[in-house]
Amino acid sequence: MTEVLAVAVITILAVISPGADFAMVVRNSYLYGRTTGLFGAAGVAAGVLVHVTYTMLGVGLLIASSTELFTAIKLAGAAYLVYIGLRTFFARADLAVDLESRPGLSNWGALRTGFLTNALNPKTTLFVVSTFTQVVGPDTAVWQQAGYGLFMSFAHLCWFGLVALFFSDSRLRTAMLRRQKALNRGIGSVLVGLGVTLGFAR
């Protein structure tokens, strides 16, 4: 139960933390409309599955070959959570979203853009790898690992789908970005706490 809760909390915090995927969905929703934004959100969710797939294979091999190496990577993952938490907490610059007018974007183009944004996003890579190394152990069944991965993807789909719906209306964009600093501090504090707790957990 603790394992499931850890995955849920880390995933939700990582998903709502503003980044390249957020900026892309906001921009496409604002410029091109709700449908384009939703296709971009679907692409973001699909991109997460790329990281889940190779992480599941890699973590399984590590557990089978070297417990010590797996433990070292697990500690590195906990350190990463602390690091990204501190960076998020102390972030000063507001998220910049380019809203210049551009030619129209097709639904396929929006899906492809969303997919590439997260498939090539180092933040998503580290989030997935770090989360799996924290919660997956020798007794974690493959179906359970797959469930974690699907939850990560589904959480991205839900959040960025909501972002697309909200930012189709320009007034909501201004309201949310105005509160970005407080959001960053809250997310940063929880990530640091999780990293420290997981780092000392056996």
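Residues numbered from 1 in each chain as written. Predicted model: local features only at pLDDT ≥ 70, side-chain atom pairs only at ≥ 80, totals over all residues. Heavy atoms only, no water.

**Section: the confidence of the model for the chain**
The condition that has to hold: On a scale of 0 to 100, pLDDT captures the predictor's confidence in every residue. Strands here are runs of E lasting at least two residues and helices are runs of H or I lasting at least four, both read from the DSSP assignment and numbered beginning at the N terminus.
Within the chain, residue pLDDT values average 79, and 77% of them lie at 70 or more. For the chain, the element scoring lowest by mean pLDDT is helix α8 (residues 170-178), at 65; helix α7 (residues 142-167) scores highest, at 92.

**With respect to the packing of helix α2 (residues 20-32) against helix α5 (residues 107-119)**
Quick note on the threshold: In this analysis an axis means a line fitted to C-alpha atoms, helices contributing only their contacting stretch, and an angle means the value between N-to-C directions, from 0 to 180 degrees. Under this scheme an angle from 65 to 115 degrees is roughly perpendicular, one under 35 degrees roughly parallel, and one over 145 degrees roughly antiparallel; angles in between are oblique. Throughout, a crossing is termed right-handed when the near helix is turned clockwise from the far one, and left-handed when it is turned anticlockwise from it by less than a right angle. Two residues form a contact once any of their heavy atoms are found within 4.5 Å. Residues are grouped as follows: Ala, Val, Leu, Ile, Met, Phe, Trp, Tyr, Cys and Pro are nonpolar; Asp, Glu, Lys and Arg are charged; all remaining types, including Gly, are polar.
Closest axis-to-axis distance for the α2/α5 pair is 9 Å, and the angle between their directions is 165 degrees. Accordingly, the angle class assigned to the pair α2 and α5 is roughly antiparallel. Here the hand of the crossing between α2 and α5 comes out right-handed. On α5, the residues that touch A20, D21, M24 and N28 of α2 are T113, G114, T117 and N118. In the contact of α2 with α5, the residues fall into two nonpolar, five polar and one charged.

**Focus: a nonpolar patch on the surface**
What counts, and what does not: What makes a patch is a set of residues exposed beyond 30% relative accessible area and free of salt bridges, joined within 9 Å when like-charged and within 5 Å when nonpolar (Val, Leu, Ile, Met, Phe, Trp, Tyr). Using the Shrake-Rupley algorithm and a 1.4 Å probe, accessible areas are obtained, with residue cover drawn only from the displayed protein chains. Salt bridge, as applied in this entry: a Lys or Arg side-chain nitrogen positioned within 4 Å of an Asp or Glu carboxyl oxygen. Residue exposure (1.4 Å probe, protein chains only): buried if accessible area is under 20% of the type maximum, exposed if over 50%, otherwise partly exposed.
A surface patch of nonpolar side chains, about 440 Å² in accessible area, is lined by V50, Y54, F115, L116 and L120. Here L116 lies in helix α5. On the basis of relative accessibility, which here comes to 41%, the residue L116 falls in the partly exposed class.

**What about the packing of aromatic side chains?**
Rule in force here: In this analysis, rings of Phe, Tyr and Trp, with Trp reduced to its six-membered ring, are considered paired at centre separations within 6.5 Å, and the interplanar angle assigns stacked below 30 degrees, edge-to-face beyond 60, and tilted for intermediate values.
A complete count under the given rule lists two aromatic pairs for this structure. Judged by centre distance (5.8 Å) and plane angle (90 degrees), the rings of F22 and F167 are edge-to-face. Residue F22 is found in helix α2, and its partner F167 is found in helix α7; the two are separated by 145 residues along the sequence. Given the relative accessible area of 4%, F22 is considered buried. For the pair F89 and F90, a centre-to-centre distance of 5.0 Å together with 75 degrees between the ring planes defines the contact as edge-to-face. Under the relative-accessibility criterion, F89 is labelled partly exposed at 29%.

**Some words on the side chain of T55**
This is how the line gets drawn: Contacts described as polar in this section are N or O atom pairs within 3.5 Å, which, within protein, must combine one atom able to donate a hydrogen with one able to accept it, while residues neighboring in sequence count only if both atoms come from side chains.
Here T55 shows up in helix α3 (residues 34-65). Look at T55 and you get buried, because its relative accessible area is 4%. In this structure the side chain of T55 is engaged in a polar contact, spanning 2.6 Å, whose partner is the backbone oxygen of H51. T55 has contacts with V128, V129 and F132, leaving out every residue within four places of it along the chain.

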